[in-house]
Every structure is written in structure tokens, then in C-alpha cells.
Amino acid sequence: MTAPRTPQMPIGSGFGFSSTASEAIAGRDLRGKLAIVTGGHSGLGLETARVLAAAGANVVVPARNQAAADTALAGIANVRTATLDLMDDASIDAVASGFLAADPALHILVDSAGIMACPLMRDAHGREAQFSTNHLGHFRLAARLWPALQRARGARVVSVSSRGHRINGVDFDDVQFERREYHKWKSYGQSKTANALFAVQLDALGQKHGVRAFSLHP
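Rules used throughout
- Residues numbered from 1 in each chain as written.
- Predicted model: local features only at pLDDT ≥ 70, side-chain atom pairs only at ≥ 80, totals over all residues.
- Heavy atoms only, no water.
- Pairing = 2+ DSSP bridges.
- Helix = DSSP H or I, 4+ residues; strand = E, 2+ residues; numbered from the N terminus.
- Axes fitted to C-alpha atoms, helices over the stretch in contact; angles between N-to-C directions.
- Contact = heavy atoms within 4.5 Å.
- Buried < 20%, exposed > 50% of the residue type's maximum accessible area, 1.4 Å probe, protein only.
- Salt bridge = Lys/Arg side-chain N within 4 Å of Asp/Glu carboxyl O.
- Phe/Tyr/Trp six-rings, centres within 6.5 Å; stacked < 30°, edge-to-face > 60°.
- Lys NZ or Arg CZ within 6 Å of the ring centre and 35° of its normal.
- Right-handed = clockwise from strand over helix to strand, strands pointing away.
- Parallel < 35°, antiparallel > 145°, perpendicular 65-115°, else oblique.
- Left-handed = near helix turned anticlockwise from the far one by under 90°.

Caption draft 1: Local environment of the sheet that holds strand β1 (residues 34-38). Across the sheet, 6 strands lie side by side as β3-β2-β1-β4-β5-β6; this open sheet has parallel pairing. Edge positions in the open sheet fall to β3 (79-83) and β6 (212-216), since each of these has one partner strand only. Each strand of the sheet is rotated relative to its neighbour by a mean of 15°, with strand direction disregarded. With 3 bridges connecting them, β1 and strand β2 (residues 58-63) associate as parallel partners. Residue L34 lies in a different strand from β2, and its bridge partner there is N58. Across the face of the sheet, helix α2 (residues 43-54) comes into contact with β1, β2, β3 and β4 (108-111) while running at roughly 170° to β1. Across the sheet, helix α7 (residues 184-206) touches β4, β5 (156-160) and β6, and the angle it forms with β6 is around 155°.

What follows is the structure, given as C-alpha cells:
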């Protein structure tokens, strides 16, 4: 039986710029749920991890600097950290393998980590750093965690995009800025467009497995 399809569109939540994360999650009981929040030790990611934990979820925060994450999250119950470099394929695979070995199901994956408007850098494979970190790393992480997302029966994958996607689409002929001049904001916009496109396609593919995906402007 094919699952009913809900088109991707603004949901009209009623929340606005002055709404808090605690207000948005009010009344939700997440006890028994497991969440991963990349970038969950600073900024929006930290607030996301905090409110998910406060609602009862067990939260894993993978971070490039695990010691810094431990310090930032000290005193928040139900949270543990791991080391993750989103520009390093081996690091992503190690985190996912460790998670799959320890936890049977993943209910929430929030892709919040990211870099913005940085000078031209490349990962070990020559991929431009913003696209590598903001999109490709999260793509690989979700793919590796797919068995756990399916087992959750109702999992959600949330990509933190940005209205910065309006700056630039994805240049499929030169994603890595190998032929054109690098522009830090066009690169950022491209990575945020990729976040949104990833969510739309993952949602289309995942619904029959009980997995929904969304992107947002924070």
C-alpha cells in the first residue's frame, strides 16, 4: 500500500521571529526517542539539542571538537557527544557505524552544522569546503544512518538550510569551483540550495519507509 503523499510547502505553523524553541516543542513528549543534532553545541544547534533533551529525547551531538562540545553541553541531561568531521568520509562512517552498533533506531536527525562564506578551502578529495561540509557530509551521514531511520517508523530528517539559497542555485557543471572564480557567498548559497533539494528528494523517497524530510530557514 502506498503511503499518502504530503506535498512540500510552507506549513503555516503560526510561529514567528519572536517564538522560542521551547514554545515550538511545548506539549511534545519525546521520551524513548533518539535524536542526532550535528552542530548541536553552538548557536541554533545548541538550542535544538537543549529543547529536544528537555522534552525527554536522548540526544547525540557529533562535533569536530568533542571537548568543546562536552563543555558547551555540560549540565544538560540526556545528551552525549561524539567526534565528527563532516569533511572526512572516514569520520562520518565511523560515527555512523558506532551509532548503528549501539542504537537500533534513530527518530530525529537534525543537520544543523555548517560553515558560511569562508575563503576557498577544499577537503582531502578536492571538494569545495562549504559544499562538502554543508551538503555532502550530511548526505553521507543520512545515507549511512538510513537503516536506523527506517527502523524508527516515523523518523524525521531536518536540514537547516537558509534563505541564502536565493543567492545561488547548484551549478552542476562546476559544483566545486574548478573552472569559475570562487565566490564565498555564491558557494554558501549553492550549499543551502543543495540542503533544500536534498530534503525534497529524501522526503519523496523516504515516505514509503516512514521517513519524512524537511528543510528550513532558521
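Caption draft 2: Inspection of the environment of A54 at higher detail. Along the chain, A54 falls in helix α2. With relative accessibility at 66%, the residue A54 sits in the exposed group. A54 sits 43 residues away from S97 along the chain, and the two C-alpha atoms are 27 Å apart.

Caption draft 3: Local environment of the pattern of salt bridges. For the structure on display, the rule yields 10 salt bridges. With a shortest N-O distance of 2.7 Å, R50 and E47 are connected by a salt bridge. Taken as a pair, R50 and E47 lie in helix α2 at a separation of 3 residues, close to a single helical turn. Accessibility expressed as a relative area gives 32% for R50, which makes it partly exposed.

Caption draft 4: Quick look at the packing of aromatic side chains. A complete count under the given rule lists 3 aromatic pairs for this structure. Considering the side-chain rings of F177 and Y182, the 5.3 Å spacing of their centres and the 75° angle between planes classify their relative orientation as edge-to-face. Comparing F177 with Y182 shows no difference in burial state: the two are buried. A cation sits over an aromatic face here: R180 above F177, 3.7 Å from the ring centre.

Caption draft 5: Here's a closer look at the pairing of β2. By the criterion of burial, β2 is predominantly enclosed, with 5 of the 6 residues buried. The β-α-β motif built from β1, the intervening α2 and the parallel element β2 has right-handed crossover chirality. When β2 meets β3, the two strands line up parallel, connected through 5 bridges. What sits directly across from V59, in β3, is V79. Viewed along the sheet, the connection from β2 through helix α3 (residues 66-73) into β3 turns out right-handed.

Caption draft 6: Examining the packing of helix α4 (residues 89-102) against helix α5 (residues 129-144) more closely. Between α4 and α5, the shortest axis-to-axis distance is 9 Å and the interhelical angle comes to 30°. Regarding the angle of α4 to α5, the classification is roughly parallel. The handedness of the crossing between α4 and α5 is right-handed. Note on element contacts: α5 touches α4 through G137, R140, L141 and R144, opposite D89, I92, D93, A96 and L100.

Caption draft 7: Broad picture of the side chain of T193. Looking at where T193 falls in the secondary structure, it is placed in helix α7. Among the residues examined, T193 registers a relative accessible area of 12% and is labelled buried. Non-local contacts of T193, meaning those with residues more than four positions away in its chain, are made with H165, N168, G169 and V170.

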